[in-house]
Amino acid sequence: MSYQNLLVETRDGIAIVTINRPDKLNALNDRTMHELDAAFAAIGSDPAVRGAILTGAGEKAFVAGADIGELSTQSPVDGKERSIRGQRVLDRIENLGKPVIAAVNGFALGGGCELALACHVRIASENARLGTPEVKLGIMCGYAGTQRLPRLVGKGRALELLLSGEMLDAQEALRIGLVNRVLPKDKLLPECEALLRKMLANGPVSLRFTLEVVNAGLEMPLAEAQYLEATLFGLICSTEDMKEGTRAFLEKRAAKFQGR
Ligand code: COA
């Protein structure tokens, strides 16, 4: 598929998805959201692609939010539908079953911050600024920021960000756990790729089940989540990868995982 607002490059099993509207600081208009949905659907269903990096084009922004031009004219019905559509796109990323790293290379505001929150790991460049300024526009988060942000950084810190609309610099985002690491700009993409390749050297089923139980388990009572973990642990014992991984350790060699 060809995209108007995305660049998608696949390199040795990794998809690099770049949101490409730099003149609008990569703001998420409806078309871009539709293309993101299509791109991640394709990544999810392509067995040759095992993980993804999501970033923004240009020097300034990861994504500076939902497109305020489109938001400014929406009716209540449009607003609700746009929010549900956007939530589904971000849910697709979170539940992809393959690791997705957000390379936060500048402003990650509003929908951009929410998009980064749906990724499994967030790595920021030193110039990154993150926040949820929707309240300054008289609106509020609509792409699940009110839910993912408190789950990631805790209710008190999330409410400070959600209610003030203020931006954090990269170091402050690191301090509160909103991003995992901060790197010089020129190291951001190479380090994201190196981290992703470390993940992808592990058993593909192990990655898939771990993502599944972390995502689903956090929404369950602890006892049920532990039961799900034990069930997936039992299931993974049936895989060739489990036999290969444990045998390779005992034979002091690198494992060759097949993903089955
Ligand atoms: N939606 C639509 N357009 C956006 C946008 C958004 N969320 N964020 C930036 N843009 C556009 C600007 O309108 C401008 O377009 P123009 O050149 O046609 O006028 C262009 O991107 C560059 O932005 P500009 O504001 O000139 O850059 P800046 O460096 O002065 O400021 C920001 C950067 C991020 C502080 C500022 O753009 C901003 O506050 N953006 C909105 C952030 C926001 O509220 N996001 C949540 C939306 S729900």
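Our structure is the block above this text.
Residues numbered from 1 in each chain as written. Predicted model: local features only at pLDDT ≥ 70, side-chain atom pairs only at ≥ 80, totals over all residues. Heavy atoms only, no water.

**Focus on the site of the ligand**
And step 1. In the vicinity of the ligand lie 16 residues, with Lys24, Lys60, Ala64, Ala66 and Ile68 positioned nearest.
And step 2. Side-chain polar atom of Lys24 to an oxygen atom of the ligand: 2.5 Å apart, as the coordinates give it.
And step 3. Taking Ile68, its main chain carries an N or O atom lying 2.9 Å from a nitrogen atom of the ligand.
And step 4. When isolated, the ligand has an accessible area of 870 Å², and the protein chains bury 60% of it.
And step 5. Broken down by secondary-structure element, the contributors of at least two residues to the shell around the ligand are α2 (68–72) and β6 (107–109).
And step 6. Partitioned by chemical class, the residues of the shell around the ligand number 10 nonpolar, one polar and five charged. (Near = heavy atom within 4 Å. Polar contact = N/O pair within 3.5 Å; in protein donor to acceptor, adjacent residues only side chain to side chain. Areas by Shrake-Rupley, 256 points an atom, 1.4 Å probe, with all protein chains shown as cover. Helix = DSSP H or I, 4+ residues; strand = E, 2+ residues; numbered from the N terminus. Nonpolar A, V, L, I, M, F, W, Y, C, P; charged D, E, K, R; others polar.)

**Focus: helix α3 (residues 76–94)**
And step 1. Taking 1.5 Å of rise per residue, the 19 residues of α3 would be expected to cover 27 Å, and the 27 Å separating its terminal C-alpha atoms lies within 8% of that figure.
And step 2. Of the positions making up α3, those classed as buried are Arg82, Ser83, Gly86, Val89, Leu90 and Ile93. When α3 is viewed along its axis, its buried side chains cluster within an angular range of 130° and face the same direction. Turned more than 90 degrees from where α3 packs its buried face, Pro76, Val77, Lys80 and Arg88 sit exposed.
And step 3. At its buried positions, α3 is contacted by α1 (30–45), α2, β5 (100–104), α4 (111–118) and α5 (145–153). (Expected span 1.5 Å × (residues − 1). Buried < 20%, exposed > 50% of the residue type's maximum accessible area, 1.4 Å probe, protein only. Arc of directions from axis to C-beta. Contact = heavy atoms within 4.5 Å.)

**Focus on the side chain of Thr18**
And step 1. Its place among the elements puts Thr18 in strand β2 (residues 14–19).
And step 2. In this view, Thr18 contacts Asn5, Leu6, Leu7, Thr55, Gly56 and Ala57; residues no more than four positions away in its chain are not counted.

**Here's the deal with the pattern of salt bridges**
Where charged atoms from two side chains of opposite charge come close, those side chains can pair.
And step 1. One pass over the structure, following the stated rule, counts 19 salt bridges.
And step 2. Here Asp67 and Arg21 are joined by a salt bridge, their closest N and O atoms 3.0 Å apart. Here Arg21 lies in the loop between β2 and α1 and Asp67 lies in the loop between β4 (61–63) and α2, a separation of 46 residues in the sequence. Accessibility classification places Asp67 together with Arg21 in one group, the buried group.
And step 3. A salt bridge links Arg197 to Glu193, with the nearest nitrogen and oxygen atoms 3.1 Å apart. Residue Arg197 and its partner Glu193 are both found in helix α8 (residues 185–200); the two are separated by four residues, about one turn of the helix.
And step 4. For Arg197, a relative accessible area of 27% translates into the label partly exposed. (Salt bridge = Lys/Arg side-chain N within 4 Å of Asp/Glu carboxyl O.)

**Focus on the packing of α3 against α4**
And step 1. The geometry of α3 relative to α4 is characterised by a closest axis approach of 8 Å and an angle of 30° between their N-to-C directions. Considered as vectors, α3 and α4 are oriented roughly parallel to each other. On α4, the residues that touch Leu90, Ile93 and Glu94 of α3 are Glu114, Leu115 and Ala118.
And step 2. Per-class residue counts for the contact of α3 with α4 are four nonpolar, no polar and two charged. (Axes fitted to C-alpha atoms, helices over the stretch in contact; angles between N-to-C directions. Parallel < 35°, antiparallel > 145°, perpendicular 65-115°, else oblique.)

**Quick look at the side chain of Glu244**
And step 1. Within the fold, Glu244 resides in helix α11 (residues 240–250).
And step 2. Overall, the relative accessible area of 13% leaves Glu244 in the buried class.
And step 3. A polar contact of 2.8 Å, which involves the side chain of Glu244, links it to the side chain of Arg253.
And step 4. For Glu244, the contacting residues outside a window of four places in its chain are Arg253, Ala254, Ala255 and Lys256.

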